[in-house]
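Reading the structure
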Amino acid sequence: MRKNSVLLVIIAMALTLAGCGGESSDASDSAGGTDDALVFTYDGTEIALDADAEGIISALGEPKNYTEEPSCAFEGLDKTYYYGGFYMTTYPSDNGDRVYSIWFADDSVQTADGIKIGDSQEKVEECYGADSASGESAYTLTSGEGRLTVIVEDGAVSSVSYELIVD
Amino acid sequence: MKNIKLYITAALFIALLAAVQALVVPKYMSSSREGALTGEYYANAGDNDVIFIGDCEVYENFSPITLWEEYGITSYIRGSAQQTIWQSYYLLEETLSYETPEVVVFNVLAMKYDTPASTGRPEQREAYNRMTLDTMRWSKSKWDAIRASMTDDERERESMFTYIFPLLRYHDRWDQLTREDFVYMFRRDTVSVNGYLMQMGVVPYADEYVEMPLADYSFGENSLYYLDKTTDLCREHGIELVLIKAPSLSPVWWDEWDEQISDYAEENGLMYINMLEHSDEIGIDWNTDTYDAGLHLNVYGAEKAARWFGAILSDECGVPDRRDDGNIAEKWDEKAKTYYEQKRSLENEEK
């Protein structure tokens, strides 16, 4: 009985080793499968979540401000670019920096559906439908690995953000 | 005879697997040193009157040696990179099987993460989990910590086996092995001084950190559940739980979060100190006391933070001065020696 148990443990370990051929955790090369509503366009430059950031940053030109943060223990930096009307953050991946989030800083920029800071709640509901309400003051549109969140305060849009979904 | 051969073969095979596992697991000696922190506790368990639990905002922001030298406070920082509250809870539970401190200090930034899935991108999240959990000794607390740290998907994939047999997780590192993997195959250097990971550089704080506004600032059900469990665990053991927000400028500590923690502390009769509000009083100079532009303190900042916080631990929490206890004093003098050697060495590297 004991002999069989020892053999079983060894066989199980060997089989598991052979069978788990290394789960790849590399970031995808794709833009995360987000639809057009979740692509933000600024001065003709399309910015999609999880897209390779290098070309986008080069097209957008010099940011008005830039900050970077190391993570607790990882190499590579989370970066935040400020382009006047909006902020964009990137995260480091094996394939270079990729777009992680975008959020509006003022009413000079708008979503693909024309929503900008200061717009009325009615306009948001016309665009995204009352069904998109999540909680008391937020409207969310989720597609693929991205999420657009519009926050309404006192009947007007106070925040618009795009974020890669990690949960 | 046949049986003996079989047993010898099996024993050799298991020894071989153990050796291969020792070779391929990450060593965390020269890079990502945070991964070595959890395992360093066991050699220092016992006689610690204060235990810190939390993320990088504890293991980089407080110097236990300063607490000892200024107030005679014995402390250990059970911190690890992006330590979540469920990990903090189980690390504390495990700690209490070794010793019962007077005070537990919990850094509340971890409340921002409600579930394992919310803690970040999968590859990063998993690596952080490993750094906290892999060197934790086996116990029910470790088992529960792993379970709590896994997403539903990971549980379904039976990832627990990869924690029990890390070889299953790291076997594909064979082509990334470096000299470090061979040198530290069966031993480790100590990277911290009682859980404090010293940083020496100076990178001044420049611009205010901005973060994306949140749709909902309420702490999640799961994080509050573990905060309650931590409070209860401390109460059961007669330990004073002190909640702190360590002095780090990023990630942003939102006012809405601060309010919820203040309310929680009041409702539960706990002390809560947002040290960001006391930066001037502490004497933090964001031009000289941070090594990464305000995210964490360097050793000069960590000594200031410990000096300021030590007065509270001593005067308000009544943590005793142990400097007159010969055995303890002797041990801490040794730790202080190591600390200053490390400090000198890093200062020389910086020059």
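Refer to the structure printed above.
Residues numbered from 1 in each chain as written. Chains lettered and ligands numbered in written order. Predicted model: local features only at pLDDT ≥ 70, side-chain atom pairs only at ≥ 80, totals over all residues. Heavy atoms only, no water.

What about the overall build of chain B?
Within chain B, the secondary structure is distributed over 16 helices and five strands. Relative to a compact globule of 351 residues, whose C-alpha radius of gyration would be 20 Å, chain B shows 21 Å and is just as compact. Expressed along its principal axes, the backbone C-alpha trace of chain B runs to roughly 75 × 50 × 45 Å. Counting over 351 residues, chain B shows a buried share of 57%. Partitioning the intrachain contacts of chain B with sequence separation of at least 6 by distance along the chain shows that 83% fall at a separation of at least 24. Carbon and sulfur atoms provide 50% of the accessible area of chain B, an area that totals close to 15200 Å². Between the centroid of the 33 positive side chains of chain B and the centroid of its 63 negative side chains there is a distance of 11 Å. (Helix = DSSP H or I, 4+ residues; strand = E, 2+ residues; numbered from the N terminus. Rg over C-alpha atoms; globule rule 2.2 N^0.38 Å. Buried < 20%, exposed > 50% of the residue type's maximum accessible area, 1.4 Å probe, protein only. Contact = heavy atoms within 4.5 Å. Areas by Shrake-Rupley, 256 points an atom, 1.4 Å probe, with all protein chains shown as cover. Lys, Arg positive; Asp, Glu negative; His and termini not counted. Charge placed at Lys NZ, Arg CZ, Asp CG, Glu CD.)

Points about the sheet that holds strand S7 (residues 133-134) of chain A
All names here are of chain A. Here eight strands make up an open sheet; going across it, the order is S3-S4-S5-S6-S10-S9-S8-S7 and the pairing antiparallel. Looking at which strands have only one partner, the edges of the open sheet turn out to be strand S3 (65-70) and S7. As defined by bridge partners, S3 adjoins strand S4 (residues 77-82) across six bridges and the pair is classed as antiparallel. When the sheet's bridge partners are listed, Tyr 66 is paired in S4 with Tyr 81. Sheet strands in contact with helix H3 (residues 121-128) are strand S8 (138-143), strand S9 (146-153) and strand S10 (156-164), and its direction is about 155° off that of S9. (Pairing = 2+ DSSP bridges. Axes fitted to C-alpha atoms, helices over the stretch in contact; angles between N-to-C directions.)

Focus on the packing of aromatic side chains
Per the stated rule, a full pass over the model turns up 32 aromatic pairs over all chains. Judged by centre distance (5.9 Å) and plane angle (70°), the ring pair of Tyr90(B) and Tyr226(B) falls under edge-to-face. Here Tyr226(B) lies in helix H12 (residues 221-236) and Tyr90(B) lies in helix H5 (residues 85-95), a separation of 136 residues in the sequence. The burial state of Tyr90(B) is the same as that of Tyr226(B); both residues are buried. Members of the aromatic cluster, each reached through a chain of ring pairs, are Phe40(A), Tyr42(A), Tyr66(A), Tyr81(A), Tyr83(A), Phe86(A), Phe104(A) and Tyr162(A). Over the ring of Trp138(B) we find Lys142(B), and its NZ or CZ is 4.6 Å from the ring centre. (Phe/Tyr/Trp six-rings, centres within 6.5 Å; stacked < 30°, edge-to-face > 60°. Lys NZ or Arg CZ within 6 Å of the ring centre and 35° of its normal.)

So, the sheet that holds strand S2 (residues 75-79) of chain B
Residues and elements named next belong to chain B. Spatially, the five strands line up as an open sheet ordered S2-S1-S3-S4-S5, and their pairing is parallel. In this open sheet, the two edge strands, each paired with only one partner strand, are S2 and strand S5 (271-274). Averaged over all neighbouring strand pairs, the angle between strand axes comes to 20°, with direction disregarded. In this structure, strand S4 (residues 240-245) lies alongside S5, joined through four bridges in parallel fashion. If you follow Val 242 over to S5, its bridge partner there is Met 271. Contacts between helix H13 (residues 255-268) and the sheet are confined to S4 and S5, with S5 contributing the most and set at about 160° to the helix.

Remarks on a nonpolar patch on the surface
Residues and elements named next belong to chain B. A cluster of nonpolar side chains, Ile 4, Ile 8 and Leu 12, forms an exposed patch at the surface whose accessible area comes to about 320 Å². Assignment of secondary structure puts Ile 4 in helix H1 (residues 2-24). Judged by relative accessible area, which is 51%, Ile 4 ranks as exposed. (Patch = residues over 30% accessible without salt bridge, like charges linked within 9 Å, V, L, I, M, F, W, Y side chains within 5 Å. Salt bridge = Lys/Arg side-chain N within 4 Å of Asp/Glu carboxyl O.)

Describing helix H2 (residues 53-60) of chain A
All names here are of chain A. All of the buried residues along H2 are Ala 53, Ile 56, Ile 57 and Leu 60. Mapping the buried residues of H2 onto a view down its axis gives an arc of 95°, with all of them on the same face. H2 presents Glu 54 and Ser 58 as exposed residues on the side facing more than 90 degrees away from its buried surface. For H2, the elements touching its buried residues are strand S1 (40-42), strand S2 (45-47), S4, strand S5 (86-93) and strand S6 (96-104). Capping of H2 at its N-terminal end is provided by Asp 52; its side-chain oxygen lies 3.2 Å from the backbone amide nitrogen of Glu 54. Directly beyond the C-terminal end of H2, a positive phi value near 85° is found at Gly 61. (Arc of directions from axis to C-beta. Polar contact = N/O pair within 3.5 Å; in protein donor to acceptor, adjacent residues only side chain to side chain.)

Quick notes on the nonpolar core
Residues and elements named next belong to chain B. Phe 52, Phe 62, Ile 273, Phe 309 and Leu 313 are the most contacted members of the largest nonpolar core, which totals 59 residues. Looking at this core, the element that brings in the most residues is helix H15 (residues 299-315), giving eight residues. In this structure, Leu 313 is in contact with Val 50, Leu 67, Ile 73, Val 103, Val 105, Gly 318 and Val 319, ignoring residues within four places of it in sequence. Counting 45 residues, the second-largest nonpolar core is a separate cluster that includes Leu 133, Ile 239, Leu 241 and Trp 253. (Core = buried A, V, L, I, M, F, W, Y, C linked by side-chain atoms within 4.5 Å.)

Functional significance is not addressed by these values, which are geometric in nature.
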